[in-house]
Amino acid sequence: MPITDPTWIFFTVLAIILFAPMLLERLHIPSIVGMIFAGILIGPHGFGVLERDGSFELFGKVGLYYIMFLASLEMDLQNVQRIKGRAAVLGLLGFAIPMLLGYAANVWLMGFGVAAGLLMAAMYASHTLVTYPIVLRYGLSRLNSVSIAVGGTIVADTLTLLVLAVVGGTFKEQVTGFYSLWLVVKVVILGLIIIYTFPPLGRWFFRRYDESVVQYVFVLVLVFLGAGLMELVGMEGILGAFLVGIVLNRLIPPGSPLMSHIEFVGNALFIPYFLIGVGMIINLGALISHEGAVMMAAIMVAVGLAGKWLAAFATQKIFHMSADERNLMFGLTGARAAATLAVVLVGYRIILPDGSHLLGEDVLNGAMMLILATCIVSSLVTERTARKLAMKRHTDPAAQSPDANAPNRILLALNNPETMPSLVNLSLMMRTPHMPAPITALNVVLEDDPTARQQGLELLEQATKMAAAANVRIQTHSRWSVNVVSGISHTMKENTVSDLVMGLHQKARLTESFYGKLSTDLLAAVDRQIIIYRATIPLNTVRHLLVLLPRKAEFEPGFAHCMDRIAMLAHRIGRDMDVYSGKETLTALQTYRSRRERSINVGYREYVSWTDFLPLAHDSRPDDLVIFVCARRGTISHHSYMDRLPDQIERYFSARSIMLLYPHQPAAEALSTSTIRSGVPLKVR
C-alpha cells in the first residue's frame with residue numbers, strides 16, 4: 001500500500017463505482033455521497049489504499065466540467081424562459097441571502113478576513129442539481145417549482161463564479177485596479193462568441209456527420225474548448241462548460257441517442273472518478289482531532305442549509321406558492337457539489353505571503369462536510385416532497401391526463417433503409433415517456449417475395465440498436481402478409497397502436513402520385529392517427545416548427561391527441577412552434593393548451609390564404625419543420641384545398657422537412673350526428 005500499478009488502480013476505482021451505490025441505495029442516500037465516502041476510506045487520509053495521483057487530477061477536472069455541462073444540458077430552457085422572472089428571483093435570493101449570512105458568520109464568528117470571508121460565503125451561495133433525478137423519477141419535471149429551481153441555478157452559480165474569479169484574481173500578479181471591470185468585459189465577449197458561434201457550428205456538424213462516436217467526441221471538444229477559453233480569460237472553466245451546455249441544449253434532445261451516450265459515459269466513469277478524488281482530499285482525522293474544526297464545519301453546514309431554505313421561503317411568499325413547492329425548491333437548490341468544490345479548491349491553492357493557504361485544511365474539510373450534509377438533507381427532502389406531490393396528482397381527477405386510458409403506442413412501418421434513421425428518431429421524440437414499450441417496429445414481407453425477409457430483419461435490427469442507444473426498447477415484428485396494408489392494419493389492432501409513423505412515398509416515375517398507393521390505401525383502411533414524414537435535415541437541427549391546422553379541426557375526435565403529439569415533439573427537441581389556422585380554431589387550441597402542462601412557446605397566427613401556401617412558404621426557412629395537419633374525406637375539418645396539397649408541397653416545400661399528420665378518425669357511424677350538427681366541439685378525451 002498504496003497501490004501504484006495502473007491496472008489495479010483502475011480496478012479499485014471501478015469496483016467502488018460498482019458497489020458503493022448498491023450499499024447506500026437501501027439508506028436512500030445519493031450515489032454522490034457514496035463515492036465521496038469511498039474516496040475518504042481509500043485515500044491517503046483513510047486506509048491509504050490509493051494515492052491521489054495524476055489520474056485523479058485529470059479525471060477530476062473532466063468530471064467537474066461534466067457535472068456542470070450535464071446540469072445545463074438537461075435543463076428545460078423553454079420552461080425556464082416561461083417563468084424566468086420567478087427563476088431570477090430565486091436565483092438572486094439564493095445567492096444574496098447565503099452570501100450575507102455566510103460573510104457575517106465567517107468574519108464575526110470564525111474570524112476570517114475580507115477575502116477569505118467572501119470566498120467562503122460563495123460556497124454557501126452556489127448549489128448543484130444533485131437531486132434532480134428524483135424529480136424525474138416521479139414525473140414532476142414540468143412543475144413550475146422545479147423549473148424555477150433549475151432557472152435559479154443559472155443565476156446563482158454564475159454570480160458565484162464571478163465572485164470566485166474576482167476574489168481569486170486579486171491574488172494574481174500584475175493585477176490593476178481595473179481587473180474586475182476588464183474581467184467582466186472579457187467574460188461577456190467570450191460568452192457572446194460561444195453563444196453565436198457554437199450553435200451554428202453544431203448544426204453544421206450534426207447535419208454532415210451522423211456517426212454516434214464522432215458526434216460524442218465533437219461535443220466533448222466543444223465543452224473543453226469553452227472551458228479552456230474561460231480559463232484563458234481568468235474565469236473558472238466550469239462556467240465555460242456550463243455555458244456550452246446551455247447553447248447545445250437545443251441540439252441534443254433529452255431522449256436522443258447522443259444524450260444517452262453523454263449521460264452514460266459521464267455517470268459511469270468521469271463523474272464517479274471525480275467524486276472519489278474529492279473524497280481523497282478530506283481528512284476526517286484532522287476534523288475530529290481539532291475542536292475548532294468541528295465547530296467550523298457545523299457552522300458552515302448550518303449557514304449553508306439556512307441560506308437556501310430562507311431563499312425558498314421568500315420566493316414562496318412573494319409568488320404565493322404552496323409549502324410543498326417551497327420544500328421542492330429547497331430540496332433541489334440545497335445540495336452543494338461542483339461550484340462549491342471549485343471555490344474551496346481555488347482558495348486552498350492560493351498561497352499567502354506567510355506561506356499559509358487562503359482557505360486552510362479546516363475550511364477544506366468543512367466544505368466536504370457541507371457537501372455531504374447538504375446532499376443527504378436535500379435528497380431526503382426532495383424524495384419526501386416529490387412522493388407527496390406525485391400521490392396528490394394521482395388522486396386528483398383534475399390532474400389526470402385526458403388520454404390516460406387511450407391507446408398510446410407508436411407503430412413504426414419500416415421498409416426503406418435510407419429513411420429508417422429519421423423515422424426512428426422521430427418516433428423517439430414523439431413517444432410517450434415512462435411506457436415499457438412505447439414503439440413497435442414492423443416490416444411486412446409479401447408472400448410472393450420471401451427473399452425480402454432477411455433484409456427486413458436487418459432493418460429491424462438496426463432500428464432496435466438505434467433505440468437501445470437512447471435506452472428505449474422497441475418491439476419488432478416481421479410479418480408475412482398478402483399485402484402491406486393488411487399487414488400494417490392487423491398489427492395496429494393486435495398491439496393497441498394509437499399512431500402509425502411512416503416515410504413519405506418517393507416517386508420513381510412522374511406518373512406516380514404524391515402519396516403513393518400505399519399511403520392512400522392506409523388512409524382508407526386505418527382509423528388511427530397516421531404520421532407521414534420526410535426529413536431533409538436531422539431532427540435535432542430543426543430550428544422552428546410551423547403547423548398548418550385546418551379550420552374546424554377542434555371538432556375532430558383526434559384533435560387532442562394530435563396536438564399532444566406535436567407538442568411532445570416540440571418539447572423534446574426544444575423548439576418554438578407557430579400555428580396557422582382560422583380564428584375560431586386558434587381560440588379553441590389556446591383554451592385546450594391552457595389546461596395542459598407543456599412548456600413550449602406557441603405563436604398563434606390567423607391564416608386566410610388557404611388556396612395558395614406562398615405566404616406560409618415565405619415564413620418558413622430551410623431548417624424549419626413544416627407540419628400539415630390534414631383530414632380524411634368526409635370529416636368535419638376536410639376542405640377542398642387539401643386535394644391540392646401535394647401540388648402546393650412540391651411547389652413551395654420541396655426542400656423542406658415536412659410532416660403530414662392525419663388525426664385519429666373513428667368510423668363514420670360511430671360519430672354523433674347530433675353533435676356535428678349542433679356545432680359543439682366533441683369532448684376532448
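Structure first, text after, so check above.
Reading the values: rules and limits
- Residues numbered from 1 in each chain as written.
- Predicted model: local features only at pLDDT ≥ 70, side-chain atom pairs only at ≥ 80, totals over all residues.
- Heavy atoms only, no water.
- Helix = DSSP H or I, 4+ residues; strand = E, 2+ residues; numbered from the N terminus.
- Buried < 20%, exposed > 50% of the residue type's maximum accessible area, 1.4 Å probe, protein only.
- Areas by Shrake-Rupley, 256 points an atom, 1.4 Å probe, with all protein chains shown as cover.
- Pairing = 2+ DSSP bridges.
- Axes fitted to C-alpha atoms, helices over the stretch in contact; angles between N-to-C directions.
- Contact = heavy atoms within 4.5 Å.
- Disulfide = S-S within 2.5 Å.
- Core = buried A, V, L, I, M, F, W, Y, C linked by side-chain atoms within 4.5 Å.
- Salt bridge = Lys/Arg side-chain N within 4 Å of Asp/Glu carboxyl O.
- Parallel < 35°, antiparallel > 145°, perpendicular 65-115°, else oblique.
- Left-handed = near helix turned anticlockwise from the far one by under 90°.
- Nonpolar A, V, L, I, M, F, W, Y, C, P; charged D, E, K, R; others polar.
- Polar contact = N/O pair within 3.5 Å; in protein donor to acceptor, adjacent residues only side chain to side chain.
- Phe/Tyr/Trp six-rings, centres within 6.5 Å; stacked < 30°, edge-to-face > 60°.

Side note on the overall build of the protein
- The helix and strand tally for the protein stands at 26 helices and 10 strands.
- Buried residues in the protein amount to 54% of all 685 residues.
- Here the protein displays about 30000 Å² of accessible surface, and carbon together with sulfur accounts for 61% of that area.

Some points on the sheet that holds strand β8 (residues 602-606)
- One open sheet accounts for 10 strands, arranged β3-β2-β1-β4-β5-β10-β9-β6-β7-β8; its pairing is mixed. The sheet terminates laterally at β3 (474-481) and β8, the two strands that pair on one side only. On average, adjacent strands in this sheet sit at an angle of 20° to one another, irrespective of strand direction.
- On the sheet, helix α18 (residues 420-430) packs against β1 (410-413), β2 (439-446), β4 (499-503), β5 (529-534) and β10 (657-662) and is oriented at approximately 175° with respect to β1.
- Helix α20 (residues 484-494) contacts β1, β2, β3 and β4 of the sheet and is inclined by roughly 150° relative to β2.

Examining the state of the cysteines
- Taken as a whole and judged by the stated rule, the model has 0 disulfides.
- We note that Cys562 lacks a disulfide partner, and the nearest cysteine sulfur, in Cys630, lies 9.7 Å from it.
- Given the relative accessible area of 3%, Cys630 is considered buried.

Points about the nonpolar core
- Core analysis: the largest hydrophobic core is formed by 135 residues, its most contacted members being Leu248 and Ile262.
- Apart from the residues within four sequence positions on either side, Ile262 is in contact with Tyr66, Phe69, Leu70, Leu73, Tyr216, Val219 and Ile252.
- Core analysis: the second largest hydrophobic core is formed by 51 residues, Leu412, Leu428, Met577 and Tyr592 among them.

Overview of the pattern of salt bridges
- Counted according to the given criterion, the structure contains 11 salt bridges.
- Residue Asp499 pairs with Arg565 through a salt bridge whose shortest N-O separation is 2.9 Å. Placement of the pair is Asp499 in strand β4 and Arg565 in helix α22 (residues 559-573), with a sequence separation of 66 residues. For the pair Asp499 and Arg565, one class covers both residues: buried.
- Between Asp623 and Arg543 there is a salt bridge, with its nearest N and O atoms 3.8 Å apart. Within this pair, whereas Asp623 is found in the loop between α24 (614-619) and β9 (624-629), its partner Arg543 is found in the loop between β5 and β6 (544-548), the two being separated by 80 residues in sequence.
- Connected via shared salt-bridge partners are Arg207, Arg543, Arg621 and Asp623.

As for the packing of helix α3 (residues 54-73) against helix α12 (residues 257-281)
- Where α3 meets α12, the axes come as close as 7 Å, and the angle between the chain directions of the two elements is 130°. Put simply, α3 runs oblique to α12. As α3 runs across α12, the sense of the crossing is left-handed.
- Grouping the constituent residues of the contact of α3 with α12 by class yields 19 nonpolar, 6 polar and 1 charged.

Some words on the pairing of β1
- The two faces of β1 match: Ile410 and Leu412 on one face and Leu411 and Ala413 on the other face are all buried.
- Note that β1 and β2 share 4 bridges and pair parallel. Directly across from Ala413, in β2, lies its bridge partner Leu442.
- The pairing of β1 with β4 spans 3 bridges and is classified as parallel. Within β4, the residue paired with Ile410 across the bridge is Asp499.

Some remarks on α18
- Within α18, 8 of the 11 residues are buried, leaving the element largely enclosed by the surrounding structure.
- Residues Met420, Leu423, Val424, Leu426, Ser427, Leu428, Met429 and Met430 constitute the buried set of α18.

Brief notes about the side chain of Thr374
- Here Thr374 is to be found in helix α17 (residues 361-395).
- Given a relative accessible area of 0%, Thr374 falls into the buried group.
- Only 3.2 Å separates the side chain of Thr374 from the backbone nitrogen of Arg336, close enough to count as a polar contact.
- Those residues in contact with Thr374 that sit more than four places away from it in its chain are Leu305, Gly334, Ala335 and Arg336.

A word on the packing of aromatic side chains
- In the structure shown here, the tally under the stated rule is 22 aromatic pairs.
- By way of ring pairs, the aromatic residues Tyr580, Tyr607, Trp610, Phe613, Phe628, Tyr641 and Phe653 are connected into one cluster.

Here's the deal with the environment of Thr340
- Tracing the backbone through its elements, the reader meets Thr340 in helix α16 (residues 338-349).
- Take Thr340: its relative accessible area is 0%, and that puts it in the buried class.
- Placed 217 residues apart in sequence, Thr340 and Met123 show a C-alpha to C-alpha distance of 4.7 Å.
- Look past the residues within four positions of Thr340 in its chain and what remains in contact with it is Met123, Ser126, Leu370 and Ile371.
- At 3.3 Å, the side chain of Thr340 forms a polar contact with the backbone oxygen of Met123.
- Here the side chain of Thr340 touches Ser126 through a polar contact of 2.9 Å, side chain to side chain.

Concerning the side chain of His664
- One can find His664 in the loop between β10 and α26 (673-678).
- Take His664: its relative accessible area is 11%, and that puts it in the buried class.
- A polar atom in the side chain of His664 sits 2.9 Å from the backbone oxygen of Asp527.

Digging into unusual backbone geometry
- Positive phi, close to 50°, is recorded for Thr496, a residue that is not glycine.
- Take Thr496: it is sitting in the loop between α20 and β4.
- Residues other than glycine seldom take positive phi values, yet Lys552 does so here, at roughly 70°.

Section: helix α15 (residues 323-333)
- In terms of burial, α15 is largely enclosed, as 9 of its 11 residues are buried.
- Listing the buried residues of α15 in full gives Asp324, Arg326, Asn327, Leu328, Met329, Phe330, Gly331, Leu332 and Thr333.

A look at the packing of α3 against helix α11 (residues 237-248)
- For the pair α3 and α11, the least separation of the axes is 7 Å and the interaxial angle reads 30°. Judged by the angle between their axes, α3 and α11 are roughly parallel. The chirality of how α3 crosses α11 is right-handed. Of the residues in α11, those in contact with Leu64, Tyr65, Met68, Phe69, Ala71, Ser72 and Leu73 of α3 are Gly237, Ile238, Ala241, Phe242, Val244, Gly245, Ile246 and Leu248.

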